[in-house]
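What the coordinates show
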Amino acid sequence: MSDETLLQRLRAAEPVLWTNPGYAPQTDPQAMADVMGAKAAWARFAPLMAELWPELAPSGVIRSTLTDIADLRPALGYAAPEYGTLLVKGDHALPVAGSVKARGGVFEVLSIAVSQARGAELLYDGEDIEKLAGDDARAFFGERRIAVGSTGNLGLSVGIAARALGYKATVHMSHDAKAWKVARLQSLGVEVVQHETDYSQAVAAAREIAARDPLTHFVDDEDSLLLFKGYSAAAAELKEQLAEQGISIGPDRPLILYLPCGIGGAPGGIAHGARGVFGPDVHPFFVEPVQAPSALVQMREGLGRETSVYELGLSNRTEADGMAVATMSQLVAERMQRRLAGVFTVGDDDLFRWLALAETKGLRLEPSAASGFGGPQMLMNTHEGRAFRAMHMPTVDPARAVHVIWTTGGAFVPEEQYQGFVAKGRALGPRFDLKGVSS
Ligand SMILES: Cc1ncc(COP(=O)(O)O)c(C=O)c1O
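Residues numbered from 1 in each chain as written. Predicted model: local features only at pLDDT ≥ 70, side-chain atom pairs only at ≥ 80, totals over all residues. Heavy atoms only, no water.

When the parts of a complex come together, some accessible area is lost, and that lost area is often used as the size of the interface. By domain assignment, the chain separates into domain 1 (3–97 + 228–436) and domain 2 (101–226). Inter-centroid distance (C-alpha atoms) of domain 1 to domain 2 is 25 Å. The interface of domain 1 with domain 2 comprises 46 residues on the first partner and 37 residues on the second. Summing both sides of the interface, domain 1 and domain 2 together bury roughly 3600 Å²; the carbon and sulfur share of this comes to 65%. Considering only the side of domain 1, the residues that lose the most area to domain 2 are Leu48, Tyr231 and Asp321, jointly responsible for 17% of the buried surface there. Seen at the junction of domain 1 and domain 2, the total is five salt bridges. Along the contact surface separating domain 1 from domain 2 lie 15 residue pairs in polar contact (both at pLDDT 80 or more). Elements represented by at least two residues in the side of domain 1 that touches domain 2 include exactly α2 (29–52), α9 (225–232), α10 (234–244) and α13 (330–336). Considering each element in turn, the side of domain 1 that touches domain 2 owes the most residues, ten residues, to α2. Residues of the side of domain 1 that touches domain 2, tallied by class, amount to 27 nonpolar, eight polar and eleven charged. (Domains from an automatic or database assignment. Contact = heavy atoms within 4.5 Å. Buried area = accessible area lost by both parts, 1.4 Å probe. Salt bridge = Lys/Arg side-chain N within 4 Å of Asp/Glu carboxyl O. Polar contact = N/O pair within 3.5 Å; in protein donor to acceptor, adjacent residues only side chain to side chain. Helix = DSSP H or I, 4+ residues; strand = E, 2+ residues; numbered from the N terminus. Nonpolar A, V, L, I, M, F, W, Y, C, P; charged D, E, K, R; others polar.)

Set out below in structure tokens:
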């Protein structure tokens, strides 16, 4: 597809696969060191996490399942052996925050808590970290605030973690934040500020307000290495789970990841970590709504000029609220330049169709979280997908490839809302719009 055709199709909000010409799969010692550092930090936090969240005891580990979805293959259109091994990484059911955002948000809040407590000599080297769940620490954190801008799920994870430690917490939300997410935060004692603007403007306003208060730490979704690091450790978890299932990734058995993307932090962190642990044998793809392809337009544009989906006349409106982001994080764009295989887009109706199908197997997803199901179709049946495979896995038997669909949120969606999503998906019927994408 020429660049002109790509732009035309993006403007027309048609699903497309864009492959990254700068992509260079290789071993990555920097990413490996980052992911190992993140893994070690999570291990240090574990005793405190077990104390703060009894559902994590005794391990104190936030972890999701890796499930073979053989039963769903026919309905998804992936029954043929050429679609390889198809797995779901179930972050939709992550404990504590019910979404992938638990990995980043909880990590940043705990990192900040530890560093503030050390700075105030409340925690010394070698002391048990559980002390931070005690009364003295709570009183100390209670004088401080954690703030964040969010379309919903990051706010939930940061709000939950901050309140668990005793911090005051403020979540600035964009106009598209779901009412149930607002209500849930308020019930935890989180102050919610609703902006009549989109996500990027809500974050900018939140950043400015937070900067006025020296006792406020602002979790900056557009520019946070701590969030990025927290997400990256998921790749080490995935590697262990693949090994437990007897799946060994290598040149003849590549791993392909389909990662739902909003600002880019969660999928970027996971892609970065995956490159660290799987080297050249992993190919990460982001997926975005047709009306909000912020990573696609930024990665296509390259670094140096921040670009937005509005420039293409798109609305940034989608039922996939976690992905309603017009401009990608520049921090992530920079790190993805050579590490990201590509980006594809999907329409909202297909999100509901996949969500309803996933429900039949007990996977409780929100619309954003279902987007990765389009990945194998894009890689196997489009011109761009075929060209990508010819270039990056020319000798691989497709039946040996391992596709991981990362489902990123949903466990906390209230029942009534969730049943509405399922009903909508069923009413739309089983013919995916994406099936028509073949060139
Ligand atoms: C369910 C879900 N999936 C994916 C994402 C995308 O994460 P990021 O914005 O870090 O790219 C979000 C973001 O809120 C989300 O809520």
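Here the focus is the pairing of strand β8 (residues 255–260). Within β8, six of the six residues are buried, which leaves it mostly tucked inside the rest of the structure. Neither face of β8 is open: one carries Leu255, Leu257 and Leu259, the other Ile256, Tyr258 and Pro260, and all of them are buried. Where β8 and strand β9 (residues 282–289) come together, six bridges link them in parallel fashion. Following the sheet pairing, Leu259 is matched in β9 by Phe286. You can see the chain leave β8, run along helix α11 (residues 265–278) and come back into β9, and the turn it takes is right-handed. (Buried < 20%, exposed > 50% of the residue type's maximum accessible area, 1.4 Å probe, protein only. Pairing = 2+ DSSP bridges. Right-handed = clockwise from strand over helix to strand, strands pointing away.)

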